[in-house]
Amino acid sequence: MTDYTEQLEQFALEGEPVSAVRYGSGHINDTCLVTVSGSAGENKYILQRINTRIFENPQELMENIVRVTDFLRDKIQKRGGDPRRETLNVIPTKANESFYRDSKGECWRMYRFIDGAVSLDQVEKAEDLYQGGLAFGRFQQLLADFPAQTLHETIPDFHNTPKRLADFRRAVEEDICGLAAFVEPEIRFIMEREADTRVLMDMLAAGELPLRVTHNDTKLNNVMIDNQTGEGICVIDLDTVMPGLALNDYGDLIRFGASTAAEDERDLSRVSCDLTLAEACTRGFIEGCAGSLTKKELSMLPMGAKLMTLECGMRFLADYLQGDVYFKVHRKGHNLDRCRTQLKLVQDMEAKWTQLEAIVSKYAGAGL
Ligand code: ADP
Ligand code: GN1
Ligand code: MG
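About the cut-offs
- Here the residue numbering is sequential within each chain, running from 1 through the sequence in written order.
- All chains are assigned letters beginning at A, and all ligands numbers beginning at 1, according to the order in which they are written.
- Residue-level local features of this predicted model are given only where pLDDT is at least 70; pairs of side-chain atoms are given and counted only at 80 or more, and the full residue set underlies all totals for whole chains, interfaces and linings.
- Based on all heavy atoms of the structure, the side-chain values leave hydrogens and waters out of the count.
- Helix and strand assignments follow DSSP, with helices taken as H or I runs no shorter than four residues and strands as E runs no shorter than two, numbered in order from the N terminus.
- We call two residues in contact whenever any of their non-hydrogen atoms come within 4.5 Å of each other.
- Residues adjacent in sequence count toward polar contacts only when both atoms are side-chain atoms; beyond that, a polar contact is any pair of N or O atoms within 3.5 Å, and within protein one must be able to donate a hydrogen and the other to accept it.
- Nearness of a residue to a molecule or strand requires only that one of the residue's heavy atoms be within 4 Å of it.
- Using a 1.4 Å probe, accessible areas were evaluated by the Shrake-Rupley method; residue-level cover was limited to the displayed protein chains.
- Sites may look incomplete because water is not among the atoms; the donors themselves are N, O and S atoms within 2.8 Å of the metal, or within 3.2 Å for Na, K and Ca.
- Gly is placed with the polar residues, together with every amino acid not listed as nonpolar (Ala, Val, Leu, Ile, Met, Phe, Trp, Tyr, Cys and Pro) or charged (Asp, Glu, Lys and Arg).
- Three labels apply to residues, based on accessible area from a 1.4 Å probe with only protein chains included: buried if under 20% of the type maximum, exposed if over 50%, partly exposed otherwise in between.
- Those domain boundaries reflect an automatic or database domain assignment.
- When two parts are brought into contact, each loses some accessible area as probed by a 1.4 Å sphere; the total of that loss over both is the buried area.
- Salt bridges are counted wherever a side-chain nitrogen of Lys or Arg sits within 4 Å of a carboxyl oxygen of Asp or Glu.
- A fitted line through C-alpha atoms represents every axis, and for helices the fit uses only the stretch in contact; the resulting angles, taken between N-to-C directions, go from 0 to 180 degrees.
- Should an angle fall under 35 degrees it is taken as roughly parallel, and over 145 as roughly antiparallel, whereas 65 to 115 is taken as roughly perpendicular and any remaining angle as oblique.
- With the far helix as reference, a near helix turned anticlockwise by less than a right angle produces a left-handed crossing, and one turned clockwise produces a right-handed crossing.
- We call two strands paired when DSSP finds no fewer than two bridges between them.

Looking at this structure, how should I read the environment of Arg109?
Relative to the helices and strands, Arg109 is located in strand E6 (residues 107–112). Residues Arg109 and Ser98, spaced 11 residues apart in sequence, show a C-alpha to C-alpha distance of 6.7 Å. In contact with Arg109, not counting residues within four places along its chain, are Phe11, Asn29, Ile46, Leu47, Gln48, Ile50, Leu61, Met62, Ile65, Ser98, Phe99 and Asp239. Among the polar contacts listed, one links the side chain of Arg109 to the side chain of Gln48, at a separation of 2.7 Å. Polar side-chain contacts of Arg109 include one of 2.8 Å to the side chain of Asp239.

Below is the structure:
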């Protein structure tokens, strides 16, 4: 078992640690649930090893998170909410730093554990997606007046889809593991959609879409759902909060939430874009954004869903071709399985385009 003594000693916790166990199923960071026992009883925390291969500047990353969560805490307090549960709370180190660099150079941060709530890896019911959409839409709304220029770009070009395509193309050309021939149909599927990849970035460049402070990783398991009320109470995983497109937050929500199967399902006959689930995401997100989305944004929402799914598919396939260096994998071919579900979803979204547009129209109302 991993010994976290050195790391735990650095943070001012309300009690003595009694256990520290691996937790969650994120693809990026190493997450650990810490339980401490103190005079006031048990307390829980989340200890995370920041993935510094991906987030190369942990200082800037944590600066972003502290600024954003301070800003949110203030707003939540002013409207009478519970700032201990409705935003992430960074626990500083005893030296009053936002993270600790250990003797091996690894970087660790601590959050207060959000109790009485779950993060769902699997969609259980449409209502969860409505709640997820609402939480991510509201999150964007709460940050609408955040000074965006003070945010660091933690991963440059994170959702620059044409740039992602260029990276993908390079991975195919280099083919360092000799796997490209094996995935020729998937490569062709992606390349055939080259023109699509530019649509939103071109609109952004032309000033047709606004840059907002967005979350950029809106998987359902990045929102905590309250056990009692079923409400999406807190948006977590704030590593990629940066200026971005609202369409990408909507898109990633649909990509993960509206799928009838897990992101790594091997039986592709089980993978499709479920319109009831897509409707729940759409209703929640549009409602959460509370009238702030422009006409153009609303009309491009289906494109946001398709491009986030295509982009994720090419990222998984590029990682497969490069020897699984980015996303955590738990079996051979895991990234290829993930890529295939994404491409199947893209195909299904294309087939259901008119219905996806009709769903947006239904909730955009007069805004469209
Ligand atoms: P990753 O970037 O690897 O996805 P996350 O920050 O999303 O890492 O954390 C992984 C999982 O840990 C989440 O999906 C959630 O289940 C759990 N988690 C993270 N932070 C908290 C928290 N403050 N309270 C409760 N659970 C949390
Ligand atoms: C990663 O960290 P996690 O598991 O919430 C990835 C997202 C992908 C997602 C695919 C920083 O999200 O961009 O969409 O996996 N996060 C990063 O499941 O690359
Ligand atoms: Mg996560």
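Hey, could you run me through the site of ligand 2 in this one?
Around ligand 2, a shell composed of 17 residues is seen, among which His27, Lys219, Glu263, Arg315 and Tyr326 lie nearest. Asn222 has a polar side-chain atom sitting 3.1 Å from an oxygen atom of ligand 2. Within the side chain of Glu263, a nitrogen or oxygen atom sits 2.7 Å from an oxygen atom of ligand 2. For ligand 2, the protein covers 97% of the area, taking 440 Å² as the surface of the free molecule. The element best represented in the shell around ligand 2 is helix H11 (residues 301–321), accounting for 3 residues.

Which parts of the structure should I look at to understand the coordination of the magnesium ion (ligand 3)?
Ideal donor angles around a metal are set by the shape: a four-donor tetrahedron calls for 109.5 degrees, a six-donor octahedron for 90 or 180 degrees. Donor atoms from the polypeptide that bind the magnesium ion (ligand 3) are Asn222 (OD1) and Asp237 (OD), placed at 2.2 to 2.3 Å. Of this pair, Asn222 sits in the loop between strand E8 (212–214) and strand E9 (223–226) while Asp237 sits in the loop between strand E10 (232–235) and strand E11 (242–244), and the two are 15 residues apart along the sequence.

Looking at this model, I keep getting lost on the site of ligand 1. Mind explaining?
Around ligand 1 there are 19 residues in total, and Asn29, Gln48, Ile114, Ser119 and Asp237 lie nearest to it. A distance of 2.8 Å is found between an oxygen atom of ligand 1 and a side-chain nitrogen or oxygen belonging to Ser119. Here an oxygen atom of ligand 1 sits 3.0 Å away from a polar atom, N or O, in the side chain of Asp237. Calculation on ligand 1 without its partners gives an accessible area of 540 Å², and the protein chains cover 96% of this total. Elements with a contribution of two residues or more to the shell around ligand 1: strand E3 (41–49) and E6. For the shell around ligand 1, the per-class residue count stands at 9 nonpolar, 8 polar and 2 charged.

Could you clarify how one ought to interpret the side chain of Gln342 in this entry?
Topologically, Gln342 is positioned in helix H12 (residues 334–351). Taking relative accessible area as the criterion, Gln342 reaches 1% and is therefore assigned buried. When sequence neighbours within four positions are dropped, the list of residues in contact with Gln342 reads Arg255, Glu263, Thr309, Cys312, Gly313 and Phe316.

Sorry if this is basic, but what is going on with the domain arrangement of the protein here?
When the parts of a complex come together, some accessible area is lost, and that lost area is often taken as the interface size. As far as domains go, the protein holds domain 1 (2–115) and domain 2 (126–367). A separation of 26 Å is found between the C-alpha centroids of domain 1 and domain 2. Each partner contributes residues to the interface: domain 1 has 28 residues there, and domain 2 has 31 residues. Of the roughly 2700 Å² buried between domain 1 and domain 2, counting both surfaces, carbon and sulfur atoms make up 60%. Of all residues in domain 1, His27, Asn64 and Val68 give up the largest surface area on contact with domain 2, accounting jointly for 24% of the area buried on that side. At the boundary of domain 1 with domain 2, the tally comes to 4 salt bridges. Note that Asp30 and Lys328 form a salt bridge whose closest N and O atoms lie 2.9 Å from each other. Ranked by the residues each element gives to the side of domain 1 that touches domain 2, the list is headed by helix H2 (residues 58–78), at 11 residues. Per-class residue counts for the side of domain 1 that touches domain 2 are 10 nonpolar, 7 polar and 11 charged.

How should I be thinking about the packing of helix H8 (residues 246–257) against H11 in this particular structure?
Two quantities define a packed helix pair, namely the angle between the helix axes and the distance between the axes. Between H8 and H11, whose axes approach to 7 Å, the crossing angle comes to 65°. As far as their axial angle goes, H11 and H8 are roughly perpendicular. For H8 against H11, the interelement crossing comes out right-handed. Listed contacts from H11 to Leu247, Asn248, Tyr250, Gly251, Asp252, Ile254 and Arg255 of H8 are Leu301, Pro302, Gly304, Ala305, Met308, Thr309 and Cys312. Split into classes, the residues belonging to the contact of H8 with H11 amount to 8 nonpolar, 4 polar and 2 charged.

For this particular structure, what's the right way to read the sheet that holds E9?
Overall, antiparallel pairing links the 3 strands, which are arranged E7-E9-E10 in an open sheet. Whereas interior strands pair on both sides, the edge strands pair on one side only; in this sheet they are strand E7 (117–118) and E10. Looking at chain direction, E9 and E10 are connected through 3 bridges and run antiparallel. Paired with Met224 across the bridge in E10 is Cys234.

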